[in-house]
Amino acid sequence: MTRTNEEIVITVPAPMANAARALRRHGVLLAALAIVAAAMAWKTAIVQQAYFKEDDFEFVARAMESELSLDYLTRVHFGQFMPGGFLLAWLSARMEPYGWGVAAGGVLIVHALAALAVYRMLRVVFGNRPAILAPLLVFLIAPITVPALAWWAAALNTVILQLALPMAVASHWHHLRSGRMRHAVAAALWVLVGLLGFVKGFAVPLVLFALTAIYFGGLRSALRRHWPAWLMQAGVLAGFGAIYVQRSLSAPGTGGLPSFEQATGFLWELLGRTFATTVLGGPWTWFAANDWGVASPPTAAVIGSLVVLVALVAVTGHYRRRALLAWVTLLGYVVIADALPVLLGRVHLLGSFAGTDTRYVADAAPLIALVVGLVLLPYQGEADPYNRALPARERITGACGVVLGVFAGASLVSVTIFGGYLGADRRHGYIETARAELAKAPADVVVYDRVVPADVMPGSYRSYSLTSRVLGAMASPRLRARMQAPPAALDGMVFDDRGRLVPVEVAGVPLAPRTLDRCWPVTGGTVQVPLDNSARRPAGTLVRLDYSAKADTRVTLWMADRPTDVELRTGVGKIFLLAVPGADRITVPDVPPGVCVGTVTPGQAVPRP
C-alpha cells in the first residue's frame, strides 16, 4: 500500500488577507480606539445623570446676554481666565440654553480628543507597542477625571488643558528628537491653547523643560541646545500674562493668603488624601450631596495608599533609570499647577476643605499616564533604560497585570459610587417648568424679579441669582430685556419656587394714609406719597401702589427724576413698579379728577397667595 503526502493549500481571499495585515499593522491603534470608545460610553452614562449647578447657571446666562466678543471671552471669573472655556460655553448655550445633553456632550467630546492626544503622546514617546495601552487606560478610568466632567463649569477649562498638555509633550518630544523648529512652534501653540483653557497651563512649559533635562542631556544641554523653544514658550507666557494681569485689574478680587493652619491642612487634604488615593483608584468613599461629591477616603485607605505609593516609587526607582525624577516631575506639577493657585486663591475662604475637591487635580491625569509609562517602559530609542537586570518577563507581566487590574477595579468602584450621588430632579424640574412657561407667555408680559430658590442656585452669585438672569437666558431677547428692566404694570407676574409664572404680590410693610377716604391728600393738584426705600434687596425694591379711578385715565408717577406713565383702569386696582434707588417719595402731578392714590407697600416680589 502506497501513501502519498500531498500538501494542502488554503487560499485566503485577498480582502481578508489585506484586513489581517492591516490588523497586525494597526492593532495598537484599533485597540486604543476601542478602549477610548468604551471608556467614553461609560463616562457618558455617568455624566448624563448630572445637571447644571452654581457657576453653570451664570455661564449660560452670560453667554445668552453677550455677543461673542473679546470682552466676553477675556472676562476673569473669580480668578479664572478661560477664553477657551467661555467659547465652549457660548456655543453650547446658543445651541440650547440649559440643554444638558449639548453642554455635557461638548466637554465629553473635548475629553475624548484629550484621550486621543494622550495616545498620540504615548506613541510618540514609547513607540507603537501594545504596552502603551496600559497608561492610556489609567488616564481613561482614573477617578479624578469624572467629577470634573460632572460639573460643567469645571469641565470647560479642565478638558482643554487635558487636551493641550499631551499635545504639547508630543510636539516637543518630536522637536527634541528631530531638531525641527516646526515641532517647537507646534508645542508653543499648544501651550497657548492650554493657557486659553486654564490658567494652570503656565506649568506646561515647566513640564516640557523637566522632560528635556531628564531625558535629553541635563540642565545645561536643555538650556543651550533648545533655547529657541524656550524663547517661544516664554513669549507665549509673557503675552498671556500681560493680558491676564490687565483683565484682572478690572475684576473683583477673591484671592488672599491663608493662615498657616489653613495652608497645611489644605496641602495634606489635597496631596496626602485626595491625590494619593485617587491616583490609585480611590477615594472609594465620598462626602456627597445635591449632585456633587468630594473625596472622603477612610483613614485606613489613606495610609494604605501612601504605603503603596512609596512602594511603587521604590520598586520603579530600583529598576528604571530616572524613574525617581519622573515621579518628582509629577509631584512638582501637582504642587505648582494644582495646589499653589488654589492655595493663593480660595483656601482663605474655604479652608482645608478645598483640598477634598478632585477637580483641582483632574488636569494632571495626562501627566499621570505619561509618568506611568516613563517609570515602566523605555522610551523610543533609549539605549540603557534599566539600572539592573529585570526579573523574568512572565513575572513582570503578571505583576503589572495584577496592579492594573486592581487599579481598574478600584476605579470602577469609586466612580460608580460617585455616580450614585448624581441627579438634580429639583433643578431640572424648575428650569424645564420655567422654559415651558416662557414659551407660552404673552409677548407683553411683565415679569418682576426675585431670587432663584436657594436649592436651585445659591444667592451668593448676586445678580446672577435672580430669575431675570437665570431664567431670562431661555427667553427671547426682547422679553429678557423686559425681565431685567420691567416697566410699571397693573398685572405683573413672577416666577414661583416651582418655576411657574404666577401673579405678583409685594411682601413688605404697607403705609396707608390717615385720611378718612384713605387717599393721600392732593395739594395743588399733586399727590406726595412717602416711600420707605432704605432696605437693600438683591432684586431691587418693588412697590405696590393701590388706587381707585372713576374712569380709565393716565397718570405720571415720579420717583427722583424718573417719570413713569401708567394707564389706570376704572375701579379699584394696584400699580406695580420698581423703586428708584434713593427715592423717598412717589410724586403724582396733575392728578385727574376721580383718582384716589392709596396704600403704598415697598418690598420684594413674591407669588400672590
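Residues numbered from 1 in each chain as written. Predicted model: local features only at pLDDT ≥ 70, side-chain atom pairs only at ≥ 80, totals over all residues. Heavy atoms only, no water.

## Things to note about the overall build of the protein chain
What counts here: Note on conventions: DSSP H or I runs of at least 4 residues are helices, E runs of at least 2 residues are strands, and numbering of each starts at the N terminus. Each radius of gyration reported is based on C-alpha atoms, and the globular scaling rule is 2.2 Å times the count of residues to the power 0.38. Residue exposure (1.4 Å probe, protein chains only): buried if accessible area is under 20% of the type maximum, exposed if over 50%, otherwise partly exposed. Should any heavy atoms of two residues lie within 4.5 Å, those residues are counted as being in contact. Residues scored as positive are Lys and Arg, those scored as negative are Asp and Glu, and His as well as the terminal groups of each chain are ignored. Charge positions come from single atoms, namely NZ of Lys, CZ of Arg, CG of Asp or CD of Glu.
Tallying secondary structure elements over the protein chain gives 22 helices and 14 strands in all. The C-alpha radius of gyration computed for the protein chain amounts to 32 Å, which surpasses the reference 25 Å derived for 609 residues by more than 25%, pointing to a less compact arrangement than a globule. If one aligns the C-alpha atoms of the protein chain with their principal axes, the spans along those axes are about 130 × 70 × 50 Å. When the 609 residues of the protein chain are sorted by exposure, 51% land in the buried category. Intrachain contacts of the protein chain at a sequence separation of at least 6 include 78% that bridge at least 24 residues. Within the protein chain, the 38 negative side-chain charges are centred at a point lying 11 Å from the centre of the 53 positive side-chain charges.

## A look at helix 15 (residues 299-319)
What counts, and what does not: Given the number of residues in a helix, its expected span is that number minus one, multiplied by 1.5 Å. Throughout, the arc means that of the directions going from the helix axis to the C-beta atoms.
The end-to-end C-alpha separation of helix 15 is 31 Å, in line with the 30 Å expected for 21 residues at 1.5 Å each. Burial in helix 15 covers these residues: A301, V302, S305, T316 and G317. Looking down the long axis of helix 15, one finds its buried residues gathered within 125° of arc, a one-sided arrangement. Facing away from the buried surface of helix 15 by more than 90 degrees, the exposed residues are T299, A300, I303, V307 and V310. Lining the buried residues of helix 15 we find helix 14 (260-278) and helix 16 (323-345).

## Topic: the side chain of S92
Relative to the elements of secondary structure, S92 occurs in helix 5 (residues 83-95). Here S92 falls in the buried class, since its relative accessible area comes to 10%. Discounting chain neighbours no more than four positions away, the residues touching S92 are V102, A103 and W152.

## Notes on the nonpolar core
Test applied: The definition of a nonpolar core used throughout is a set of buried Ala, Val, Leu, Ile, Met, Phe, Trp, Tyr and Cys residues joined through side-chain atoms within 4.5 Å.
Counting 151 residues, the largest nonpolar core has Y98 and W152 as its most contacted members. For this core, the leading source of residues is helix 6 (residues 100-126), giving 17 residues. Dropping the residues within four chain positions of it, W152 is found in contact with F52, D56, F59, V60, A89, S92, W100, A103 and V107. Counting residues in hydrophobic clusters, the runner-up holds 25 residues, among them L531, L577, A579 and V597.

## Here's the deal with unusual backbone geometry
Going from G282 to P283, the amide bond is cis rather than trans, its omega being 15°. Positionally, P283 belongs in the loop between helix 14 and strand 3 (286-289). Positioned with a positive phi, W284 is a non-glycine residue whose angle comes to about 75°. With respect to the helices and strands, the residue W284 is situated in the loop between helix 14 and strand 3.

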